[in-house]
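Commentary on secondary and tertiary structure
So the chains spell out like this:
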Amino acid sequence: MTPRQIHIVGAGLAGLSAAVQLASRGSSVTVHEATNQAGGRCRSYYDSTLGMEIDNGNHLALSGNKAALAYLDIIGARAGLTAPPSASFPFIDLATGERWTVRANDGIVPWWILDPARRVPGTRLREYFTLAKLLRARAGATIGETISCSGPLYARLIEPLLMSALNTEPRSGSATLAAAIIRETLAAGGRNYRPLIAYNGLSNVFIAPALRYIADHGGAVNYGRRLRQLAFGADRVTALDFGDVSIPLTPSDAVVLAAPPAAAKSLVPELTTPTESRAIVNAHFRVVPPEGLAPMIGVVNGMTQWLFAFPGRLSVTISAADDLLDLSREDLARRIWSEVAVIAGLAGAMPAWQIVRERRATFAALPRQEAKRPGAGTAWKNLVLAGDWTRTGLPATIEGAIRSGAKAAEILAPL
Ligand SMILES: Cc1cc2nc3c(=O)[nH]c(=O)nc-3n(C[C@H](O)[C@H](O)[C@H](O)COP(=O)(O)OP(=O)(O)OC[C@H]3O[C@@H](n4cnc5c(N)ncnc54)[C@H](O)[C@@H]3O)c2cc1C
C-alpha cells in the first residue's frame, strides 16, 4: 500500500532527492530540516568577508552521474551545470613546474592512453592497465593492498582522482569504492567523466529548484525542526518527536531518515553506521581569474589539490585535510595563496580570503567503515534510511546521496 504521508528527516541532497522522487509519484511529502536552510553539506551562502555568495565546499559532479542528472531533469535544473565539450583535465606539478592536460576520448575504448600527448607525461602504457586490478579487488581490501601506489601515473592521476573521490588518503582507502569510481569514470569512456560544475552556486542548481518542485507538488519543508526522538511500535515508527511538536503517524505513514550517520544513530540506536570521518578544507580568494585560466586545475606536489576558477573568485579544495585542521586560518590562507599565485600566474598581495573547514565532510572511505554502512531498509516497516553514508556502493558523493534518496522513494512508492 502506498503510504499516505511521508515524512523526510533532513533536507540535504538525500532527503531532497527522496522528496522530489516521492512528490513526482504523487505522494504527499513533508520535509523536516534541523537548520534554517536546505542543502546540508552541498549548499551556498553569503560570505560577508568576501562580499559574495560562495558554496560550503567546491563540488564536482561528472557527466556519468546518472542519478544526479535524473534528479536535475525532474527539477528542471540540469542547464545550471557547465561541462567542457570533452573530458579534459589540466594539471600542474608544483615541484617541477610542468603543466599537462589529460584528454580522454569519448568512447569506451580508451585509445587516448596510446597517445603520449594526451596521457600523463612520464607514464608508460602498461601502468594504465594496472588499474584493471582495482576492478577485481577483493572485498575488504585497501587500495594499497591492490595496486602499487607509486610511480608517475599514481602520483599524477590516480592519487589526485581517488583522494578527491574518496576524501580519504587512497593507500588506506577501500579498493571496492575506488573500483566503483573507476568503473563509472575511467573505464566508462570520456563521455562519462566530463567535469560538471555549478558556476553560479550549488544552491541555484541542486537545492532551490528542488524546493520549488516540492512546493509545486503540494509538499512542505519545515525549517528549525530537529527530530529528537522516534517512537517505535512492534514493527513500525509511531510518532516523530521534535521537542516542541510531536507528530503521531497513522499506520500508512512512513519516514525517510536522511540525517547524517551520527544523528541517525542517536535516533535509531540499533543502527550500525560509519563512525570515522575526514575533513575538507576550502580556501576562497576574491580575485578575478586571469583570462584563459582553466575552470579546474589538478595540482600535484602542493598543499593545494584542485584549483577552481569561479566568477570573481579562485577557490582551492583540499581533501582528507585532517592534518591541516590545527593550522591557523591565516597560515593556511597564506600558504595556499602562495601556490595559487604560481598556478594562476598572479602577482601582488593576497586578496580578501576565506577558509572553510568542514571537519566531518564525509565518512572515511576505509574498508572497515564501508562494512558499517547499512542498507536502506530497516527492521521497521515504515522507516527507510537515506544518505551518502548508507550502502550506495559509492563513496560519499552527490551521486551517492541522490541515489540513496531515489532508492528510499522506490521502496516506499515503487513505480
Ligand atoms: C566541503 C565538501 C566538499 C564536497 N565535495 C564534493 C564533490 O566535489 N563531489 C561530490 O560528489 N560530493 C562532494 N561532497 C559530498 C557531498 O556534499 C555529500 O555527499 C552530500 O551533500 C551528502 O548529502 P546527504 O543528504 O547525505 O547529507 P547532508 O548534506 O549532511 O544532509 C543531512 C541533513 O540532515 C539535517 N539533519 C541532521 N540531523 C537532523 C535531525 N535530527 N532532524 C532534522 N534534520 C537533521 C542536516 O542539517 C542536513 O541538512 C563534498 C562535501 C563537502 C562537505
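Definitions and limits used
Residues numbered from 1 in each chain as written. Predicted model: local features only at pLDDT ≥ 70, side-chain atom pairs only at ≥ 80, totals over all residues. Helix = DSSP H or I, 4+ residues; strand = E, 2+ residues; numbered from the N terminus. Rg over C-alpha atoms; globule rule 2.2 N^0.38 Å. Buried ≥ 20, exposed ≤ 12 C-beta atoms within 10 Å, placed from the backbone. Contact = placed C-beta atoms within 7 Å. Domains from an automatic or database assignment. Nonpolar A, V, L, I, M, F, W, Y, C, P; charged D, E, K, R; others polar. Axes fitted to C-alpha atoms, helices over the stretch in contact; angles between N-to-C directions. Parallel < 35°, antiparallel > 145°, perpendicular 65-115°, else oblique. Near = placed C-beta within 6 Å. Pairing = 2+ DSSP bridges. Expected span 1.5 Å × (residues − 1). Arc of directions from axis to C-beta.

Digging into the overall build of the protein chain
In terms of regular secondary structure, the protein chain is built from 12 helices and 19 strands. What you see for the protein chain is a C-alpha radius of gyration of 22 Å, in line with the 22 Å of a compact globule of 415 residues. Reported as C-alpha extents along the three principal axes, the dimensions of the protein chain are approximately 65 × 50 × 40 Å. Every one of the 415 residues in the protein chain was classed for burial, and the buried ones make up 50%. A fraction of 71% describes how many contacts in the protein chain between residues 6 or more apart in sequence connect residues 24 or more apart.

Let's talk about the domain arrangement of the protein chain
According to the domain assignment, the protein chain contains domain 1 (5-46 + 201-275 + 366-412), domain 2 (101-192) and domain 3 (277-363). Domain 1 and domain 2 are separated by 33 Å when their C-alpha centres are compared. Across the contact, 7 residues belong to domain 1 and 14 residues belong to domain 2. The class makeup of the residues in the side of domain 1 that touches domain 2 is 5 nonpolar, 1 polar and 1 charged.

Examining the packing of helix α6 (residues 152-166) against helix α7 (residues 175-184)
Across the interface, α6 lies against α7 with an axial gap of 11 Å and an inter-helix angle of 110°. The angle between the axes of α6 and α7 places the two elements in the roughly perpendicular class. For the pair α6 and α7, the contacting residues are Leu162, Ala165 and Leu166 in the first and Leu177, Ala178 and Ile181 in the second. Residue composition of the contact of α6 with α7, by class: 6 nonpolar, no polar and no charged.

Side note on the site of the ligand
Around the ligand, the surrounding shell holds 37 residues, and the nearest of these are Gly10, Gly12, Gly40, Gly57 and Thr397. For the shell around the ligand, the secondary-structure elements that each account for two or more residues are α1 (13-24), β14 (277-285), β18 (353-363) and α12 (398-412). When residues of the shell around the ligand are sorted by domain, at least three fall in each of domain 1 (5-46 + 201-275 + 366-412) and domain 3 (277-363).

Quick word on the pairing of strand β15 (residues 296-300)
Buried residues dominate β15, accounting for 4 of its 5 residues. Across 3 bridges, the pairing between β15 and strand β16 (residues 306-310) is antiparallel. Note that in β16 the partner of glycine 298 across the bridge is tryptophan 306. Hairpin connection of β15 to β16: 5 residues between the antiparallel strands, including asparagine 301 at a positive phi of 60°.

Considerations on helix α10 (residues 329-344)
The first and last C-alpha atoms of α10 sit 22 Å apart over 16 residues, in line with the 22 Å expected at 1.5 Å per residue. By the burial criterion, the buried members of α10 are Leu332, Ala333, Ile336, Trp337, Val340 and Ile343. Axial view of α10: buried residues confined to an arc of 120°, hence all on one face. More than 90 degrees from the buried face of α10, the exposed residues found are Glu330 and Asp331. Lining the buried residues of α10 we find β6 (88-93), β14, β15, β16, β17 (313-318) and β18.

Examining the sheet that holds strand β12 (residues 246-248)
Taken together, the 3 strands give an open sheet; going across it, the order is β10-β11-β12, and neighbouring strands pair in antiparallel fashion. Pairing within the sheet leaves two strands with one partner each, and these edge strands are β10 (229-232) and β12. Taken pair by pair, the neighbouring strands of this sheet meet at an average axis angle of 20°, ignoring direction. Two elements, β10 and strand β11 (residues 237-241), share 4 bridges in a ladder whose sense is antiparallel. Along β11, the bridge assignment pairs leucine 230 with leucine 240.

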